[in-house]
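Summary of structural features
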Amino acid sequence: MPDGVARARADDRPDALYARLEERILDRDQVGALDTYHQLFKAGRPLTEMLAEAVRIHGPYTHVPYHERIDDGYVNFVNNDHCLLSARATWQLARLLPGAQAGLPMAQTIWYIPTGLDIWNQKIVRAPGHYARGFQMPAGPPPAPVVHWADQEPLPLDGPLKDRLQHWMTLVHRGQVIDAYRVFLGLMQNKDERRAALAELAFAGLIDVQDRAFQNRSYTTGHKSFRARATVELGDAIGWDDAHDVLYAGALDIAVGPRWYSLYEMACNAVTVYLEGQVLHAVPYGGTTERERALLSNREPMSAAETEAFLEIVLRQPEPANIEALARLLNADKDPRSILDAIQLGAAEVVIETNIDVNFSLPQHCYEYCNALGWFWDSFAHPQRIKLLFLATAYLNQAAWHQRLSGDFARATIRAPGGADRMSAAEIVDRLTASLIALDGQQSMAWTKAYLDSGADTAPLVRALALAASRLGNDPHNQEIAHCMIEDYLKNRQPDRGRLLLACAQHTASHRKYGDALDCSRRFGKAFDLSELS
């Protein structure tokens, strides 16, 4: 129940409201869907219940036959769903906001969902929505959103769990979408095996990353791992006995093509060459080595100097210098989780050094990938994590060089505004909020720097960044990326972790916005008398 908000009438039963919510979403009515959510929020409905219903409604309509098309000889990308990712960000951001403000992230999810249905037909201008912005729709009412992959029944398998997981991974690798989904549903039926199955789902997403980016637009950018993470977190929040709709919305897509494994193959071979000191041969390899597993127990943190030197190589030098630098750190017994903290700082640096509003795609997705890997590392004791460290390092190098070759990668010196040292923390937050909402990236970073320099408790700074990101709508990246950076700031152990919040401010203010980005938050503010959202 939001603070200071009266309950809705007794005849506004949740079943009727959820039926209306579904009707408004499938009719692509953003305003009607948001108004219905306002009634649910006023009624004090649990966030997990509202998330579960939202996923149930959109799940059938957020799959695509394939994430790529070839149109008259031209390769075109078919985007990934963000409705589920927005719901995951909602679950996390709501915890960072006080009182009725905590309902704003869910408002943004509901506001976006009507525009996120049936991406396949949006991309060929047969349906309206986020991905068809700027195109003229055919005359007449839009068609109903299409179900490209129907839900399925579980297919339980016999045999050892390891063998069943390998069979599922093989089905994913081969793109056998329905068979892979049915087998995964079967794996999830055994409560004792769920964590292992979910770990493999996330792993399958993390290894699916493109091997080049410059002059490409068709690539995964790690999206399969983002969707897998959203599946795990939302299922955990809702409860797996009631989370079938989450599995349908999230797990099925893992086998939908195209799938890119070349970068992960490099990571596998890098372990063999740089850590094992072996020469590659044309023979089958598999599993992990004793040395590879032992590296996971290293606990010596990276020093500030080592971090700076490592990132200078990863961000500024071409391959294979980045891979060799990572191998040297691991061979020197550095803590691989500490190295991942450093990689996250590097990903933040690429965001900080990007300035063209339409050129944040690789930096923001690379950051989200590094964040997802951190979550995976801390959530599952998966044996292949060292290989994923090589993949993340290569992805970061790829993203940095993409920006350099695009002419949008300049070292940035960020200074606090003059006189900031004489201001209170609250005054700095006010200036920061104004800069974020004005979409002024340079000033947003400057005021974030001023707050960090002040030495004040960073909790108000984190709340200000979370609220600003939650105010900006029409694109779930506003919430997703901000939360990833805030989450990492709160657990990253690098001394210079404040740069994660600088990157948060830069991305929130500077990356491309669509339409009236404040429309949803103004409506929510009006509905709940929140003057700070006006």
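Definitions and cut-offs
The residue numbering used here restarts from 1 in each chain and proceeds along that chain's sequence as written. Totals for whole chains, interfaces and linings use all residues, but because this is a predicted model, local features are given only for residues with pLDDT of at least 70 and pairs of side-chain atoms are given and counted only at 80 or more. For side-chain calculations, the full set of non-hydrogen atoms in the structure is used, while hydrogens and water are omitted. Secondary structure elements follow DSSP: runs of H or I no shorter than four residues count as helices, runs of E no shorter than two count as strands, and numbering proceeds from the N terminus. Radius of gyration: C-alpha atoms only; globule rule: 2.2 Å multiplied by the number of residues to the exponent 0.38. Only protein chains enter the accessibility calculation, which uses a 1.4 Å probe; a residue is then buried when its area is under 20% of its type maximum, exposed when over 50%, and partly exposed in between. For this analysis, residues touch if any pair of their heavy atoms sits within 4.5 Å. In these tables, accessible area is a Shrake-Rupley quantity obtained with a 1.4 Å probe, and a residue counts as shielded only by the protein chains included in the view. We treat Lys and Arg as the positive residues and Asp and Glu as the negative residues; His and chain ends play no part in the count. In this description, the location of a charge corresponds to atom NZ of lysine, CZ of arginine, CG of aspartate or CD of glutamate. Two strands pair under a simple rule: DSSP has to find at least two bridges between them. All axes here are fitted lines through C-alpha atoms, helices being fitted over the stretch that makes contact, and every angle between N-to-C directions spans 0 to 180 degrees. For this classification, under 35 degrees means roughly parallel, over 145 means roughly antiparallel, 65 to 115 means roughly perpendicular, and everything else is oblique. Handedness of a crossing follows from how the near helix is turned relative to the far one, being left-handed for an anticlockwise turn of less than a right angle and right-handed for a clockwise one. Residue polarity follows a fixed list, in which Ala, Val, Leu, Ile, Met, Phe, Trp, Tyr, Cys and Pro are nonpolar, Asp, Glu, Lys and Arg are charged, and the others, Gly among them, are polar.

**Considerations on the overall build of the protein chain**
- When its secondary structure is counted, the protein chain shows 24 helices and two strands.
- The C-alpha radius of gyration computed for the protein chain amounts to 23 Å, which stays within 12% of the reference 24 Å derived for 534 residues, consistent with globular compactness.
- Seen through its C-alpha atoms, the protein chain measures out along the principal axes to roughly 70 × 65 × 50 Å.
- Relative to its full complement of 534 residues, the protein chain shows a buried share of 59%.
- Taking contacts inside the protein chain between residues at least 6 apart in sequence as the whole, the part at least 24 apart equals 78%.
- Of the roughly 21,000 Å² of accessible surface on the protein chain, a fraction of 49% belongs to carbon and sulfur atoms.
- Taking the 54 positively charged and 66 negatively charged side chains of the protein chain as two groups, their mean positions are separated by 2 Å.

**Here we look at the pairing of strand E2 (residues 74-77)**
- Taken together, the four bridges between strand E1 (residues 68-71) and E2 define a ladder with antiparallel strand orientation. Paired with aspartate 71 across the strands is tyrosine 74, a residue of E2.
- Connecting E1 to the next strand, E2, in antiparallel fashion are two residues, including aspartate 72 with a positive phi near 50 degrees.

**Focus on the packing of helix H5 (residues 104-112) against helix H24 (residues 519-527)**
- In the contact formed by H5 and H24, the axes pass within 10 Å of each other and the chain directions differ by 130 degrees. Accordingly, the angle class assigned to the pair H5 and H24 is oblique. In this structure, H5 meets H24 at a crossing whose hand is right-handed. Contact with H5, carried on its side by Leu104, Ala107, Gln108 and Trp111, involves Asp519, Cys520, Ser521, Arg523 and Phe524 of H24 and no other residues of that element.
- Considered class by class, the residues forming the contact of H5 with H24 number five nonpolar, two polar and two charged.

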